[in-house]
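# Inside the fold
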Amino acid sequence: GEDVEQSLFLSVREGDSSVINCTYTDSSSTYLYWYKQEPGAGLQLLTYIFSNMDMKQDQRLTVLLNKKDKHLSLRIADTQTGDSAIYFCAFDTGRRALTFGSGTRLQVQP
Amino acid sequence: GAGVSQSPSNKVTEKGKDVELRCDPISGHTALYWYRQRLGQGLEFLIYFQGNSAPDKSGLPSDRFSAERTGESVSTLTIQRTQQEDSAVYLCASSQPDGLETQYFGPGTRLLVL
């Protein structure tokens, strides 16, 4: 099965860039996703990348996919306090349900 | 409705009791998923419904867990004889078969078994 690893915690200052990383073992996913979870709320899809792409930019968000190293990252430019949340990478493994990483808690300090 | 809704939002129960959790998916979404999120962890897949096909129950952790779905609408997840290790947030998601099949999540039910 899929093994997904994320670092647990990241702290940045407001205005800086944040980079959240994810490594995985199964390379059969068609889409790779980033979800955001704010306290007491469900998961919100932030962005996704198709597996044949290396990069996708969406406003302040940049997703980088390195298939060779099985590494997925999410860069948030000009990080704001409202970006404080837990960020999950997720993969579709052909079973329809998604496999999630354990989440990275992003803390943005003013 | 506008999004996936779940009820109750919080449930406290005693060990050994049965609980029922409800999910209302987005109208028109044929696929429905249940996940469990333990404190500080990622999501674990529990069960998946797609239209009238047999559900994928491969993620259910024990026979105390079961789920039903009425057509392409409401789903209930039932946990019988609850144990303390069942304490978690139970999340429901729905999607439509549009290729990307983006899953839209509800706010979850926070279950605490005392």
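In this report, we go over the structure that sits alongside the text. The structure displayed is predicted, hence computed values, not measured ones.

This part takes up the sheet that holds strand β1 (residues 5-7) of chain B. All names here are of chain B. Taken in spatial order, the four strands line up as β1-β3-β7-β6 in an open sheet, and their pairing is antiparallel. Unpaired on one side and paired on the other, β1 and β6 (65-69) mark the two borders of the sheet. Taken pair by pair, the neighbouring strands of this sheet meet at an average axis angle of 15°, ignoring direction. Across five bridges, strand β3 (residues 19-24) lies against strand β7 (residues 75-79) in antiparallel orientation. Note that in β7 the partner of cysteine 23 across the bridge is serine 75.

Before going further, it helps to spend a moment on the interface of chain A and chain B. Contact residues are listed per partner, giving 18 residues for chain A and 20 residues for chain B. Taking both partners together, chain A and chain B bury about 1500 Å²; carbon and sulfur atoms supply 58% of that area. Connecting chain A to chain B are zero salt bridges. One can count three residue pairs in polar contact (both at pLDDT 80 or more) joining chain A with chain B.

Looking now at the side chain of aspartate 86 of chain B. Residues and elements named next belong to chain B. Mapped onto the fold, aspartate 86 is located in the loop between β7 and β8 (88-95). The buried category is assigned to aspartate 86, whose relative accessible area is 1%. Here the side chain of aspartate 86 touches glutamine 83 through a polar contact of 2.8 Å, landing on its backbone nitrogen. Other than its neighbours up to four places away in sequence, aspartate 86 contacts Arg36, Arg64, Phe65, Ile79, Leu111 and Val113.

All names here are of chain A. Pairing between strand β6 (residues 55-58) and strand β7 (residues 61-66): four bridges, direction antiparallel. Across the sheet, residue lysine 56 finds its bridge partner in β7, namely valine 63. Of the pairings in the sheet, the one linking β7 to strand β8 (residues 71-76) comprises six bridges and is antiparallel in character. When the bridges of β8 are listed, leucine 61 appears paired with isoleucine 76. The loop that links β7 with its antiparallel partner β8 comprises four residues; one of these, lysine 70, has a positive phi angle of about 55°.

Residue and element names in this part refer to chain B. Following the criterion strictly, the structure yields eight salt bridges over all chains and no others. Notably, a salt bridge pairs aspartate 24 with arginine 22, separated by 2.9 Å at the nearest N-O pair. With a closest N to O distance of 3.3 Å, glutamate 44 and arginine 36 form a salt bridge. Note on glutamate 44: relative accessible area 28%, which makes it partly exposed. We classify arginine 36 as buried; its relative accessible area is 4%. Among the charged side chains, a network of salt bridges with common partners joins Arg36, Arg38 and Glu44.

How each quantity is defined
Along each chain, numbering runs from 1 in the same order as the chain's sequence is written. For this description, chains carry letters from A and ligands carry numbers from 1, given in the order in which they are written. pLDDT decides what is reported in this predicted model: residues at 70 or higher carry local features, side-chain atom pairs at 80 or more are listed and counted, and totals for whole chains, interfaces and linings draw on all residues regardless. Note that water and hydrogens are dropped before the side-chain values are worked out from all heavy atoms of the structure. Should DSSP find at least two bridges between two strands, the strands are taken to pair. A run of H or I in DSSP becomes a helix once it reaches four residues, and a run of E becomes a strand once it reaches two; helices and strands are each numbered from the N terminus. Convention adopted: a line fitted to C-alpha atoms gives each axis, helices being fitted over their contacting stretch, and angles between N-to-C directions are expressed from 0 to 180 degrees. Two residues form a contact once any of their heavy atoms are found within 4.5 Å. In this description, buried area is defined as the sum, over both parts, of the accessible area (probe of 1.4 Å) that is lost when the two are combined. Here, a salt bridge means any side-chain nitrogen of Lys or Arg that lies within 4 Å of a carboxyl oxygen of Asp or Glu. In the analysis that follows, any N or O atom pair within 3.5 Å is treated as a polar contact, provided that within protein one partner can donate a hydrogen and the other can accept it, and provided that, for residues neighboring in sequence, both atoms belong to side chains. Relative accessible area decides the class of each residue, using a 1.4 Å probe on protein chains only: under 20% of the type maximum gives buried, over 50% gives exposed, and in between gives partly exposed.

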